[in-house]
Amino acid sequence: MSDQKLIDDNIRQDIERLVGETLESFAGVELVELGFKKEYGKLNVTVYLWKKEGIDLNDCESVHNALSALLDTIEDELPDEYILNVSSSGLDRKIVSNDDYRRALDTEIEVFDVNKTKQHGILKAYDDEKIVIETSGKKAGEKSIARNIITKVQPYIRF
């Protein structure tokens, strides 16, 4: 079931506003995504967070506690009982939106294109038309890649 049908637009906006107000008191913490899903007869409200230094368990717990108290004030407006989940957006979350690209600036990414070519480098710039990565190795330098041929972008994770 699509999350649009789970919850009224006005309630969704109220929750987005409460999340925004809550995050204002947490320096550098941003909302990446707000999800709604019905599981086991309850509405699951999931808040995905990001900050440059990384989100840790203490961040999740602090945001959860602050947000939970605010959500309780509108709980009667919700269609079901709810469960609040607060999480990091994850190390391997795909980079899709301009906000995702902004957050990924100066980090190492992998880029896959329609020709099934895979490249990786440091994201140096982006706009609506292209991204620019700095590659190393034999063909080191800046490389511009048109966004309309990109099929997937994600953080490059080294083990």
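Refer to the structure above for everything that follows.
The paragraphs below set out a description of the structure included in this document. (Residues numbered from 1 in each chain as written. Predicted model: local features only at pLDDT ≥ 70, side-chain atom pairs only at ≥ 80, totals over all residues. Heavy atoms only, no water.)

**A word on the environment of Ile-55**
Locating Ile-55 in the fold gives a position in the loop between β2 (42–50) and α3 (57–71). Ile-55 sits in the buried class, given a relative accessible area of 16%. The spatial distance from the C-alpha of Ile-55 to the C-alpha of Val-29 is 8.1 Å, given a sequence separation of 26 residues. Beyond its immediate sequence surroundings of up to four residues, Ile-55 is in contact with Val-29, Leu-49, Trp-50, Cys-60 and Ser-88. (Helix = DSSP H or I, 4+ residues; strand = E, 2+ residues; numbered from the N terminus. Buried < 20%, exposed > 50% of the residue type's maximum accessible area, 1.4 Å probe, protein only. Contact = heavy atoms within 4.5 Å.)

**Notes on a nonpolar patch on the surface**
A contiguous nonpolar patch, built from Leu-91, Ile-157 and Phe-159 and spanning about 430 Å² of accessible area, is present on the exposed surface. On the secondary structure map, Ile-157 appears in the segment after β8 (150–155). (Patch = residues over 30% accessible without salt bridge, like charges linked within 9 Å, V, L, I, M, F, W, Y side chains within 5 Å. Areas by Shrake-Rupley, 256 points an atom, 1.4 Å probe, with all protein chains shown as cover. Salt bridge = Lys/Arg side-chain N within 4 Å of Asp/Glu carboxyl O.)

**Structural notes on the pattern of salt bridges**
Here the idea is simple: oppositely charged side chains can pair when their charged atoms come close. Enumeration according to the criterion identifies 16 salt bridges in this entry. For the salt bridge of Arg-17 with Asp-14, the shortest nitrogen-to-oxygen distance reads 3.9 Å. Of this pair, Arg-17 and Asp-14 both sit in helix α2 (residues 9–23), 3 residues apart, which is roughly one turn of that helix. We classify Asp-14 as partly exposed; its relative accessible area is 21%. Among the ionic pairs, Arg-93 bridges to Glu-33, the shortest N-O distance being 3.2 Å. Placement of Arg-93 in the loop between β3 (82–88) and α4 (98–104) and of Glu-33 in strand β1 (residues 30–39) is noted, with a sequence separation of 60 residues between them. Glu-33 gets classed as partly exposed once you look at its relative accessible area, which sits at 35%. Ionic contacts of the salt-bridge type, sharing partners, join the residues Glu-30, Glu-33, Arg-93, Asp-99, Asp-100, Arg-102 and Arg-103 into one network.

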